[in-house]
Each structure stands twice: as structure tokens, then as C-alpha cells.
Amino acid sequence: MPRFFDELVFEPNIDELREMQRDRKVTVFTGYNNSGKSAYLKKIAESEKVLYLGPNRFYSFHFMNLFNYDENELNNYRNNMNSQRRSQYSNFETSFYDTNRALTRLSDNKRKQLFDVFEDLFGVAACVKPEFPDNEFSNKYVDIGGDSLSVTSSGTRLFLGVLAALMDDRFQTVALDEPELGLSPMLQSKLAPIIIERLRDETLFPHAPHFFITTHAHTFLDKQVPSNNFVVSRDGNTITARP
């Protein structure tokens, strides 16, 4: 059992894996629990300008925060992740974004594109509204079909939060741990084509990021290009991924 994350050995290593998948848009890791799928994502996230979205994505909020630009945002998060990685027996699973931050960081135009896609998929309008319509300085919230996003299902918040995070064009690579978490089969069936088949790339992802994901759900396997799926296994400190 490794005491430190850096004791793990990856076959193929990250550079070799990236070269294998260089012309692809998605790489899928699957396998048993504790096989090392998430460890592959965390190793990939050591590189700069990689967005890591861990399994801790369950957040609820009513009012949206103000967006405050922080030039040290990425460095602070990466330093925190590296610090956890150097700790003994430590497992880091925190996402770079929560849904509130992911939505407020989008430009008005990108947020509208996201909400338009949501309405197209589910037939329910989404928009940002002020708490008091006659006061533009009042707190704002996300309205989903007449209700605050805070009282909709956790799956709805997760769905919007993941897509909003993936739209951040600062990142050309995204490491997403189990996109199916908290999503009903219906929500999974809506999200999977966006991530795996990239059906909304022109609208949502014009920056053409590569998605590395882990999954236990057949919905998120790449059935069109089976060689994009890697079965991960572990033998001691060695983690192996085979297409």
C-alpha cells in the first residue's frame, strides 16, 4: 500500500497516454473500485491548465455570488492540491469548481448558451433573475421553470455545474471523475452525448478540450470509438490502463 501518491507507477505513463490519444476528444477509464481510475485523473491533473473535477460536487445555493477576478485562483488551487498529494495516506477529491462559481465565472453570452442548451434538452427555461425585479442591485438567483435552482433536484445542479465548468476555455484538458454521480438515468442519457459524442461542441466547447473521464456507467463508454475506452487495473503500486 503506497503511503504517498508519488509512489504510484502508471502504465502507460501520462505522456505515453496523451500521445496515444492525441487526435481524440475523449478518453474513458473504467474498471473495478480501487483499480486506480481516479488516480490516473489526478496524475493527469498535475499538469498546468488541466481542470480537475473530483467527486465532491454536491452543492446547494440560492443567491449567486458576485464574480471577483483572482489572478492567483489557479495557482492557489494547484498548490492546495499538490500539498494534499504530498501528505501520507491522503486522497484528494475536491473539485476546482462548485456550481455557483462555475456559473458566475461564465460570460453573459456563454451562460445564455448553456441555458439555451438546457431548455432545448429538457423543455424548461433557465435564466438569472433578481430577487426584487424593481431593484437591479438586489441579489440574483438562477430560475429554473419558475423555481430557484436551490429547490430543484441535486441532479439538476450537478448537470448545470459540470457543463458550466467544462465551458471554461482556460483549460484544454479536463479530468472529470464519474460524470454520472448524482444523475438519474434520464439525466445521464442527456449528458453522455455531450461529453462522449461531443454533440454540442460548437455551442458549448468551441475551445475543443480533451475530456479524460472515469466511469462505472455504460452510458459514458465510447461506443462509437471503442479504443477510447481503457480498462484500469492495479497490482500493488502499479496501475495499468489497457484499451
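Position labels on residues start from 1 in each chain and follow its written sequence. Since the coordinates come from a predicted model, pLDDT governs what is reported: local features require at least 70, and pairs of side-chain atoms require 80 or more to be given and counted, while whole-chain, interface and lining totals use all residues. With hydrogens and water excluded, all non-hydrogen atoms of the structure serve as input to the side-chain values.

Draft legend 1. Representation of the overall build of the protein chain in the model. Starting at the N terminus, helices and strands are each numbered in turn, a helix being any DSSP run of H or I of at least four residues and a strand any DSSP run of E of at least two. Per the secondary structure count, the protein chain includes eight helices and 10 strands. Here the globule rule reads 2.2 Å times residues to the power 0.38, and the radius of gyration is calculated from C-alpha atoms. A globule of 243 residues ought to have a C-alpha radius of gyration of about 18 Å, and the protein chain, at 18 Å, matches this closely. Principal-axis analysis of the C-alpha atoms places the extent of the protein chain at approximately 60 × 40 × 30 Å. The buried share among the 243 residues of the protein chain stands at 48%. Carbon and sulfur atoms form 48% of the exposed surface of the protein chain, whose accessible area is close to 12400 Å². Positive: Lys, Arg. Negative: Asp, Glu. His and the chain ends are not part of the count. For this purpose, a charge sits on NZ of Lys, CZ of Arg, CG of Asp or CD of Glu. Once the 28 positive and 33 negative side-chain charges of the protein chain are each reduced to a mean point, those two points are 3 Å apart. Residue burial is assigned from relative accessible area. The probe radius is 1.4 Å, only protein chains are included, and a residue is buried under 20% of its type maximum, exposed over 50%, and partly exposed in between. Each accessible area is a Shrake-Rupley estimate made with a 1.4 Å probe; only the visible protein chains count as cover when residues are assessed.

Draft legend 2. Structural context of the sheet that holds strand E7 (residues 173–177). What the seven strands build is an open sheet, ordered E1-E10-E9-E2-E8-E7-E3; its pairing is mixed. Both outer strands of the open sheet, strand E1 (9–11) and strand E3 (50–53), are each paired with one neighbouring strand and no more. Neighbour-to-neighbour, the strand axes of this sheet turn through a mean angle of 20°, independent of strand direction. What makes two strands pair is DSSP finding at least two bridges between them. Direction of pairing for strand E9 (residues 229–235) relative to strand E10 (residues 238–242): antiparallel, over a ladder of five bridges. Bridged to Asp 235 within E10 is Thr 238. We call two residues in contact when some of their heavy atoms are within 4.5 Å. In this description, a line fitted to the C-alpha atoms serves as the axis of each element, helices being fitted only across the stretch in contact, and the angle between N-to-C directions of two axes falls anywhere from 0 to 180 degrees. Packing against the sheet, helix H2 (residues 37–44) makes contact with E1, strand E2 (26–30), E3, E7, strand E8 (210–215), E9 and E10, and its axis sits at approximately 155° to E8.

Draft legend 3. Seen up close, helix H5 (residues 108–122). In a regular helix each residue adds 1.5 Å, so 15 residues correspond to 21 Å; H5 covers 21 Å between its end C-alpha atoms and thus fits that length. Of the residues one or two after H5, Gly 123 is the one with positive phi, at around 70°. Expected helix span is computed as 1.5 Å times (number of residues minus one).

Draft legend 4. Spotlight on the pairing of E9. Note that E2 and E9 share three bridges and pair parallel. Within E9, the residue paired with Thr 30 across the bridge is Val 231. Connecting the antiparallel pair E9 and E10 is a turn made up of two residues, with Gly 236 showing a positive phi of about 65°.

Draft legend 5. Quick look at the pairing of E10. Two elements, E1 and E10, share three bridges in a ladder whose sense is parallel. Among the inter-strand pairings, Val 9 is bridged to a residue of E10, identified as Thr 238.

Draft legend 6. Geometry of the environment of Asn 34. Among the secondary structure elements, Asn 34 is positioned in the loop between E2 and H2. In this structure, the C-alpha to C-alpha distance between Asn 34 and Ser 233, residues 199 residues apart in sequence, is 8.4 Å.

Draft legend 7. Main features of the pattern of salt bridges. One speaks of a salt bridge when a side-chain nitrogen belonging to Lys or Arg is within 4 Å of a carboxyl oxygen belonging to Asp or Glu. Scanning the entire structure with this criterion turns up 14 salt bridges. Its salt-bridge partner being Glu 46, residue Lys 43 comes within 3.3 Å of it at the nearest N-O pair. On the basis of relative accessible area, Lys 43 is assigned to the partly exposed category, the value being 23%. Note that Arg 198 is salt-bridged to Asp 201, the shortest N-O span being 2.9 Å. Each of the two residues, Arg 198 as well as Asp 201, counts as buried. Here the residues in one salt-bridge network are Glu 73, Arg 101, Arg 105, Asp 168 and Arg 170, joined through shared partners.

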